[in-house]
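Structural description and commentary
So you can see what is in the structure, the chains are spelled out below.
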Amino acid sequence: MATADSTLRRYIRAITGCSTSRIVMTCGRRNVLGLRNEIIIFSTFRNMKEMLDNSFKWKWISLIFTISTTAFLVISVSVWVVKDRQIEAAKLPSCTHDSDRPLVRAKRQSASESDVFAALTAEEIDEVLDYLYTDTNLNLTKPEEAAMDSSFIHTIELQPPRKQSVLDYLSGLTGPPKRMAKVLMFRGDASPPVLQEYIVGPMSNISEARVMNTTARQTTIPYNFRPFSSFEFKAIYKHIIRYVAMRAGHVLRESYNATPFDCGNQCLRFSMTPISSAFLSNGERKSWFWFAYDLEFFTLHPLDFQYRVNMTSAHPEEWTIENVWYAKQMFPSLDDFLTKYTCGSINKTVMTFPTAEENRYSSLEFREPLFPEENLRPPIQVEPDGTRITIAGNKIHYLAWDLKYRMSPTVGLQLFDVNFDGERIMYEVSLQEVVVTYSGFSPSARMLNYADSAGLFGTRCRGLLPSVDCPANARFINTHLYSANEGGHRTYENAMCVFEHTTNTPVRRHRAYGRIGAFYAGLVSSVLVVRTILSVINYDYVYDFYFYQTGAVEVKISLTGYLGTTFHTSEESPYGVHIKEGINAGIHNHLFHLKVDLDVKGTENRFETLDIKVENKTDPWVDGGYHMQTYYERNVKETELEARCNYNISAPKYLLVSSNNETSAQGLPRSYRLLPRGMSNLLVNPDYGFSSSIPWARQQVAVTRHKDDEETSTSIFAMWDASDPVVDFAKYIEDDENIVGEDVVAWVTLGTQHIPQTENVPNTGTVGTHLSLFIMPYNYFDEDPSMRSRDGVRVTPISNERPTEGAYVERYNRKVDEACVASVSLPDDDLKQNSRFLFT
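An account of the accompanying structure is given in this report.

Conventions and cut-offs
- Residues numbered from 1 in each chain as written.
- Predicted model: local features only at pLDDT ≥ 70, side-chain atom pairs only at ≥ 80, totals over all residues.
- Heavy atoms only, no water.
- Helix = DSSP H or I, 4+ residues; strand = E, 2+ residues; numbered from the N terminus.
- Contact = heavy atoms within 4.5 Å.
- Areas by Shrake-Rupley, 256 points an atom, 1.4 Å probe, with all protein chains shown as cover.
- Salt bridge = Lys/Arg side-chain N within 4 Å of Asp/Glu carboxyl O.
- Buried < 20%, exposed > 50% of the residue type's maximum accessible area, 1.4 Å probe, protein only.
- 1 Å grid on protein atoms, 1.4 Å probe; cavity = no way out; pocket = protein on both sides within 12 Å on 5 of 7 lines; lining within 4 Å.
- Points joined across faces, edges and corners; volume = space filled by probe spheres on them.
- Axes fitted to C-alpha atoms, helices over the stretch in contact; angles between N-to-C directions.
- Left-handed = near helix turned anticlockwise from the far one by under 90°.
- Arc of directions from axis to C-beta.
- Pairing = 2+ DSSP bridges.
- Phe/Tyr/Trp six-rings, centres within 6.5 Å; stacked < 30°, edge-to-face > 60°.
- Lys NZ or Arg CZ within 6 Å of the ring centre and 35° of its normal.

A look at the overall build of the chain
- When helices and strands are counted, the chain shows 14 helices and 34 strands.
- In the chain, of all internal contacts separated by at least 6 residues, the share reaching a separation of at least 24 is 66%.
- Total accessible area on the chain is roughly 40,900 Å²; 51% of this is exposed by carbon and sulfur atoms.

Shown next, in the form of structure tokens:
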């Protein structure tokens, strides 16, 4: 037994390197792990040895156990090595420090903290409501009780103060301008019913409410130009859809195996195509309605039952159905259609409600097989030292950039007082309008012209999902707006996000080697991104502002969402693509209008172009020869009419807003260049139909003299008002003001013609479908300001004579001896508890 014990001690010392008396004190944790198991194995081995003592088999068994034990020991040590590395990684700091963690939802400002550009606060909106509801002459009804034939407040927002008053305040010359509200009222109970825009204020001490007085636009507006409202949709369901379901329910069931009401899981839903007033008699309001299967997603399930409704009256019970279009046939009335349908004298459509499998093509459910085969996550960006963005109220600071934002219920996201290095570059940059014009054979398809601002852009911005719509570490900002469509007061959660994004493209770089030495220098492009996403019926527009370290700004619009479609017939083929059985996706034109109020070294600016031309001249250096080459001419535009830039790719030019006073040391005007990327001319005649509502679409760029009353290029009435536009942008230009040495505003049109393809189903996708406007310094700085960026890298040889034998690396913001672990918080668990921000 003594011999066996001594053998055990030798065995322990062999496998652990420790004596038994010091094993707890001195043995490493890697060795100790397997020791207990080894002792058990050795004890078993010892008992077997006693049983087989003096046996020849003992030698072989001993060899087998020795090999097994060695293998087990190797595995145990490997496990501990891996565990050690995991423990060491867990000790690394998080790349986002707790003190710098993004604000999931920014606090709303109180009235006393409001910047002159900030949206009205909830308290200020309440002041406006209290004041107006006490005015018995207005006879206002609250949203929960309102109807089409009553008076109610549609929207409330800040009335922008006059620009010069703001500039005087920012310069410290005066106090802040008065904060006033702009209120749009539906006066459905007036005779005749009208829409009116009121100015109410000043805030904190309201003393007046008056109809807006300006010659730049109509402020008392015909009722037939009214934008969409939730009250009109309620009336449509009650007085139109229910009536059609009652009278023609048997047709809907026999033709489509579905109905709009009491339908279980086989339902129809309606869409409408407003008819521009240019196609109607004076004062009329009409729309085409059409049915689709109520599935994910309904715009990819159109049906061929369409009907035109006269909605002119403010009293919905007086609305009438005028025409029915069914199976490629037009009928003068619903009664006429039903009579002929019952008699069997017309062609009939027969369809079955799609099964779950048939509907899969239009859903956003996952498809199989999934890729990649392994469950490997995509790369993410981290903020190794915490965020470099500061947000306070409506102010955003990033590196050399300072700017302010406001969310308007009508215009959407607007940026103001955009400063670089403490100097104002832009007073305002904002999206004005989104227009989609379709083509088609059926009556609803050929009248499908949408001016999306009717849906109130600000209320369409909400529910951004962390990790998809914006990076998980972005800062998400709520907005608070008033719209009767949304029941009045409402906070829109995750309406916009702010984050820093590394494009992983060098904004500059160069490597060189010559007799004087070698060098490398570069700067990766990191930008501030301010993002919101407009969801309007079927389309989603990702609307971004990028702020570069070079002093440039990019406004970028990416298109995604779902296609708009119509029921396929052979007659639809020239106007679209037959993407699925019974479905035609029409050709359509997306148009976006932007306002860019540049202040280049102050407000005394001018607009000029550098026109690139071709010369063909005798070559002075070659006898009898000639030479062709390009050159440019500077062309200062004197007036607004001269400043129109139409679409002409055969005459390239630089578009510059320049200081009229300041030049570089070489005598070049300090300028900012406008570079639109993505254009699509409006091809139909300027005076045809809906075109009169969007005259801005005729120019790629127009430049006008700044006027406070020319606040926007369009209005929320543009879908209906072509017979007499409420805001006529053409008049901004036709008065032909002088624009040299003046405060000027640039208006830019971006667009794309889209012929759909099968890859657009189920959704349109964003790859390659984006438009942008670059606003770039041009001789504005003496050198590229990003040369001061700490993000830059410079590499130089230790010895110029021997550049391949080592080099110095200069960095100003990298801690090369430190590492951190990315900490990304996904919203999945939060969504299980509350998904309100995403789906309301």
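A closer look at the pattern of salt bridges
- In the structure shown here, the tally under the stated rule is 43 salt bridges.
- Between K286 and E284 there is a salt bridge; the shortest N-O distance is 3.7 Å.
- Exposure remark for E284: the relative accessible area of 21% places this residue in the partly exposed category.
- With a closest N to O distance of 3.3 Å, R462 and E486 form a salt bridge. One end of the pair, R462, is in the loop between strand 16 (449-451) and strand 17 (475-483); the other, E486, is in the loop between strand 17 and strand 18 (488-514), and 24 residues separate them in sequence.
- Residues joined in a network through salt bridges with shared partners are K163, R424, D597, D599 and D743.

Some details on empty space enclosed by the protein
- Tallying each qualifying case throughout the model produces 12 cavities of 30 Å³ or more.
- What the second largest cavity holds in volume is close to 230 Å³.
- Taken together, 17 residues make up the lining of the second largest cavity; nearest its centre are E157, R217, T410, V411 and I716.
- Within the residue set of the lining of the second largest cavity, elements represented by two or more residues are strand 1 (151-159) and strand 2 (180-187).

Some points on the environment of T121
- Structurally, the position occupied by T121 is in the loop between helix 5 (57-90) and helix 6 (122-133).
- Owing to a relative accessible area of 4%, T121 belongs among the buried residues under this scheme.
- For T121 and Y482, which are 361 residues apart along the polypeptide, the C-alpha to C-alpha distance reads 9.9 Å.

Thoughts on the packing of helix 8 (residues 230-256) against helix 9 (residues 334-343)
- In the contact formed by helix 8 and helix 9, the axes pass within 12 Å of each other and the chain directions differ by 35°. For helix 8 against helix 9, the interelement crossing comes out left-handed. Taken together, the residues of helix 9 that come into contact with helix 8 (itself represented by Y243, R247, A248, H250, V251, E254 and S255) are L334, D335, F337, L338, Y341 and T342.

A closer look at helix 7 (residues 163-170)
- Restricting attention to buried positions, one finds in helix 7 the residues K163, V166 and L167. Along the axis of helix 7, the buried positions cluster into a sector of 100°, meaning they face one direction only.
- Just downstream of helix 7 lies G172, where phi reads positive at about 80°.

Points about the sheet that holds strand 10 (residues 329-331)
- Strand order across the open sheet formed by 5 strands is 6-7-8-9-10, with antiparallel pairing between neighbours. Strands with a single pairing partner mark the edges of an open sheet, and in this sheet they are strand 6 (268-274) and strand 10. Put simply, the sheet's adjacent strands are angled 25° from each other on average, direction ignored.
- Relative to strand 7 (residues 286-293), strand 6 runs antiparallel, the two sharing 7 bridges. Bridging from a neighbouring strand, M272 pairs with F289 of strand 7.
- Contacts from helix 8 reach strand 6, strand 7, strand 8 (302-310) and strand 9 (320-326) within the one sheet, and its direction differs from that of strand 8 by about 140°.
- Those strands touched by helix 9 are strand 8, strand 9 and strand 10, and its axis lies near 40° from that of strand 9.

Let's talk about unusual backbone geometry
- A cis amide bond links S191 with the next residue in sequence, P192, at an omega value of -5°.
- Examined against the element boundaries, P192 turns out to sit in the loop between strand 2 and strand 3 (194-201).
- The linkage connecting G201 with the following residue, P202, adopts the cis geometry, with an omega of -5°.
- By the element assignment, P202 lies in the loop between strand 3 and strand 4 (208-211).
- Positive phi is not limited to glycine here, since K328 has a value of about 65°.
- Structurally, the position occupied by K328 is in the loop between strand 9 and strand 10.

Topic: the pairing of strand 20 (residues 539-547)
- Of all 9 residues making up strand 20, 8 are buried, and the element is well covered by its neighbours.
- The pairing of strand 19 (residues 517-536) with strand 20 spans 9 bridges and is antiparallel. Looking across to strand 20, one finds that S535 is bridged to D540.
- Between the end of strand 19 and the start of strand 20, which pair antiparallel, lie 2 residues, with I537 showing a positive phi angle near 55°.
- In the sheet, strand 20 pairs with strand 21 (residues 553-561) via 9 bridges, with the strands oriented antiparallel.

Observations regarding the sheet that holds strand 24 (residues 583-586)
- Strand order in the open sheet formed by 3 strands is 22-24-23, and the pairing between neighbours is antiparallel. Looking along the sheet, the strands with just one partner apiece sit at the ends: strand 22 (565-567) and strand 23 (576-580). When strand polarity is set aside, the average angle formed by the axes of neighbouring strands in this sheet is 40°.
- The pairing of strand 23 with strand 24 spans 4 bridges and is classified as antiparallel. Each residue of the ladder has a partner; that of V577, found in strand 24, is A585.

Thoughts on the packing of aromatic side chains
- Inspection of every chain in the model, using the stated rule, returns 39 aromatic pairs.
- Note on Y541 and F592: the rings are 5.4 Å apart at their centroids and 85° apart in plane angle, and the pair reads as edge-to-face. With Y541 in strand 20 and F592 in strand 25 (residues 588-598), the pair connects residues that are 51 residues apart, well separated along the chain. Each member of the pair, Y541 together with F592, is buried.
- On the basis of an interplanar angle of 35° and a centroid distance of 6.3 Å, the ring pair of Y548 and F774 is categorised as tilted. Of this pair, Y548 sits in the loop between strand 20 and strand 21 while F774 sits in strand 32 (residues 770-778), and the two are 226 residues apart along the sequence. Neither residue differs from the other here; Y548 and F774 are each classed as buried.
- Its end group placed over the ring of Y133, K142 keeps NZ or CZ at 5.4 Å from the ring centre.
- A cation over an aromatic ring shows up here: R269 above the ring of F298, its NZ or CZ 3.8 Å from the ring centre.

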